[in-house]
Amino acid sequence: MTTAYTFDILVLGAGLAGMRAALAAHEGGAKVAILTKVHPVRSHSNAAQGGINAALTDRGDTWEDHAFDTVKGSDFLGDQDAIEILAEEAGQDILALEHMGVIFNRNDEGRLGTRRFGGQKRARTFFVSDFTGQAILHVLYEQILKANLPVFEEWFATSVVRDDDGRCAGVVAFEIRSGQFAFVKAKVVIIAAGGLGRVFEPSTNAMICTGDGMAIAYRAGTPLMDMEMVQYHPTTLKGKGLLITEAARGEGAYLINKDGERFMEQYAPNMMELASRDVISRAEQIEINEGRGINGCVLLDCRHLGKRLIQERLGQIFEEAKTFANIDLTEEPIPIRPGMHYSMGGIKTDVDGRCWDPQGGWKGVPGLFAAGETACLSLHGGNRLGANSLLDTVVFGRRTGSCAAAYAQSVEEPRVNNSVSDKDHNMVQEFLKRKAHTDTVAAIRLDLGVTMNKHLGVFRDEEGMEEVQGLLPVFRDRWNRVAIQDKGRVFNTSLVQALELGMMLDCAQTIVRGAMIRTESRGAHFRTDCIQRDDENWLKHILMYHNPEGSPRVDYLPVRITQWKPQVRVY
């Protein structure tokens, strides 16, 4: 028998964007609940290390400068009205976090301390050592507990439900602990389920980052936008994909090749190691490809920073280097390489998180909202600046929650039969009935991830992308036939991973399709067969609509430009 719950607003995901949205919606008078497949403080926001950006006027900084650096970093694909909101509202949200209890580092004068991050001319990144995301995450979770908001921990959402009018009516989900399905009815669903990092292997992302939120919104009828834009972080550990924070370079660490040369001088002579991430990742890959690397890596050198600074400001990566690479950062450089880190693309939204356009400029699902990495405004365009992701989660999490609360007050409770969960329940039952054979979910996931990393990484070309496009139906066919050995319903994590794989395949299809369509190089999307940026033809976003019968339906939207015309992008 199907269990049913009813709320004004259901938030999918309990990372920074999800919890900030839930708090704002609660403050707006809505009855709110959170549904998450892991405990809130195990969300991937935990992994954000370096800091959060804001331009405070008492530092001689301006939000306009921050906005321009973000526009330039996006390679002019970011929508400038959204970027202006991000930069202008940043300061108030930093102070709000501090008032909630986030203990940001302070300088010798007792004021909030900052460090520089890549692609920015000023030090405007506020931080908590090198575990800023974790610090903010715990404080927001305290606020959730204080507000006594219900949290469905370790639940997995399988689909978004729409009523007869096409409006969002809630989600179907099951409790991982028991396997029990439920229909969670809601006037509004806010998807804040994070990114899709595990579509690539290796990745800096947690194993839970499988594009679930993007996939269920996509299947429900909301377009995904700019999915070809996938960021490779310049400093990750070889093999493991573990992130080594940009804060190291913000504090003054060097990138060197096997000859001990600071090679960034050739690629970004003005900003060196603090150029934008896409520029540094390409420079590193060129050094490696041309034989100036060491075992497929270059080196990050922190030795000159001194033991005290490293242990005080970079303590987490000091421990990680010791644990995972057996290297003491105070005594020797650490081998690093570019690794998949972030998706600039995601569920198309407006600046208030709506997954539909009230003006009718593009089609989506009324009542569905999104925030955080799972959403695409577009703030980050072709390349995200470091420390803008945490800012994105709190600014647009707050805005999305507030707008969602107002929307929920304006509409009636959706009328949907509780039996809507039967379809997903039956799908799971059929999955569990499959007879085991030699293929496994883990093998398909690994093959998919390695293939995506090989052909849609730092450098891309048509031949490689066509190979991936040909392999995706093979991976899909394997997924349609694969069985899992665990036939039970209690904590069946094998079942969860199998369902995640289907969603990863949906996301992979949109990434490849978008990358093949965009016949230029811009930001993180660098094609060796189309090396120039083409503003005349490609100053626009690519939208993908789900097509159950084959390739996604494609549409386009122009980039919104307010004050900064595209220019040559140099660092």
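Counting restarts for each chain, with residues numbered from 1 along the sequence as it is written. Restriction of local features to residues with pLDDT of at least 70 applies here, the model being predicted, together with a cutoff of 80 or more for giving and counting side-chain atom pairs; totals for whole chains, interfaces and linings are based on all residues. Heavy atoms throughout the structure, all of them, feed into the side-chain values; hydrogens and water do not.

### With respect to the overall build of the chain
Now for step 1: A helix here means a DSSP run of H or I that spans at least four residues, while a strand means a run of E at least two residues long, and both kinds are numbered starting from the N terminus. The number of helices and strands found in the chain is 17 helices and 19 strands.
Now for step 2: Our radius of gyration is a C-alpha quantity, and the globule rule it is checked against amounts to 2.2 Å times the number of residues to the power 0.38. Relative to the 2.2 N^0.38 estimate, which gives 25 Å for 571 residues, the radius of gyration of the chain is 23 Å and therefore close to what a compact globule would have.
Now for step 3: Projected onto the principal axes, the alpha-carbon positions of the chain cover approximately 65 × 55 × 50 Å.
Now for step 4: Across the 571 residues that make up the chain, the buried fraction comes to 63%.
Now for step 5: Intrachain contacts of the chain at a sequence separation of at least 6 include 74% that bridge at least 24 residues. Burial classes follow relative accessibility: with a 1.4 Å probe on protein chains only, a residue under 20% of its type's maximum area counts as buried, one over 50% as exposed, and anything between as partly exposed. Pairs of residues are marked as contacts when any of their non-hydrogen atoms sit within 4.5 Å.

### Overview of the nonpolar core
Now for step 1: Remark: nonpolar core denotes a set of buried residues (Ala, Val, Leu, Ile, Met, Phe, Trp, Tyr, Cys) joined through side-chain atoms within 4.5 Å. Formed by 80 residues in total, the largest nonpolar core has its most connected members in Ile-191 and Met-452.
Now for step 2: Setting aside its immediate chain neighbours within four residues, Ile-191 contacts Leu-12, Val-160, Gly-213, Ile-216, Ala-217, Ile-347, Leu-368, Phe-369, Ala-370, Ala-371 and Thr-374.
Now for step 3: Counting residues in each nonpolar core, the second largest holds 61 residues, with Leu-23, Ile-190, Trp-356 and Tyr-407 among its members.

### Quick look at the sheet that holds strand β17 (residues 375-376)
Think of a sheet as strands paired side by side through backbone hydrogen bonds, with each pair either parallel or antiparallel.
Now for step 1: Here, any two strands with at least 2 DSSP bridges between them count as paired. The 5 strands are arranged β17-β15-β10-β18-β19 in an open sheet whose pairing can be described as mixed. Looking at the sheet topology across the chains shown, the edges are occupied by β17 and β19 (553-558).
Now for step 2: Summarising the sheet, strand β15 (residues 346-348) and β17 pair through 2 bridges and their orientation is parallel. Residue pairing for β17: Ile-347 is matched across the bridge by Ala-375.

### A few points about the pattern of salt bridges
Now for step 1: Any carboxyl oxygen of Asp or Glu that lies within 4 Å of a side-chain nitrogen of Lys or Arg is treated as forming a salt bridge with it. If you walk through the whole model with that rule in mind, you get 49 salt bridges.
Now for step 2: Residue Arg-398 is joined to Asp-93 by a salt bridge in which the shortest nitrogen-to-oxygen separation is 2.8 Å. One end of the pair, Arg-398, is in helix α12 (residues 388-410); the other, Asp-93, is in helix α4 (residues 90-100), with 305 residues separating them in the sequence.
Now for step 3: Judged by its relative accessible area of 15%, Arg-398 falls in the buried class.
Now for step 4: Taking relative accessible area as the criterion, Asp-93 reaches 4% and is therefore assigned buried.
Now for step 5: Residue Arg-476 pairs with Asp-506 through a salt bridge whose shortest N-O separation is 2.6 Å.

### Quick word on empty space enclosed by the protein
Now for step 1: Cavities and pockets are defined on a 1 Å grid built over the protein atoms alone: a cavity is a set of grid points where a 1.4 Å probe fits but cannot escape, while a pocket is an open set with protein on both sides within 12 Å along at least five of seven lines, and lining residues are those with an atom within 4 Å of any such point. Grid points are joined across faces, edges and corners, and a volume is the space filled by probe spheres set on the points. Under the definition given, this model contains 3 cavities of 30 Å³ or more.
Now for step 2: As a volume, the largest cavity reaches approximately 80 Å³.
Now for step 3: Around the largest cavity, the lining comprises 15 residues; the ones closest to its centre are Gly-372, Ala-375, Cys-376, Leu-377 and Asp-392.
Now for step 4: Sorting the residues of the lining of the largest cavity by element identifies β17 and α12 as the ones contributing at least two each.
Now for step 5: No other element matches the 3 residues that α12 contributes to the lining of the largest cavity.
Now for step 6: Taken together, the residues of the lining of the largest cavity sort by class into 8 nonpolar, 5 polar and 2 charged. In this classification, Asp, Glu, Lys and Arg are treated as charged, Ala, Val, Leu, Ile, Met, Phe, Trp, Tyr, Cys and Pro as nonpolar, and every other residue, Gly included, as polar.

Don't take any of this as a statement about function, it's just geometry.
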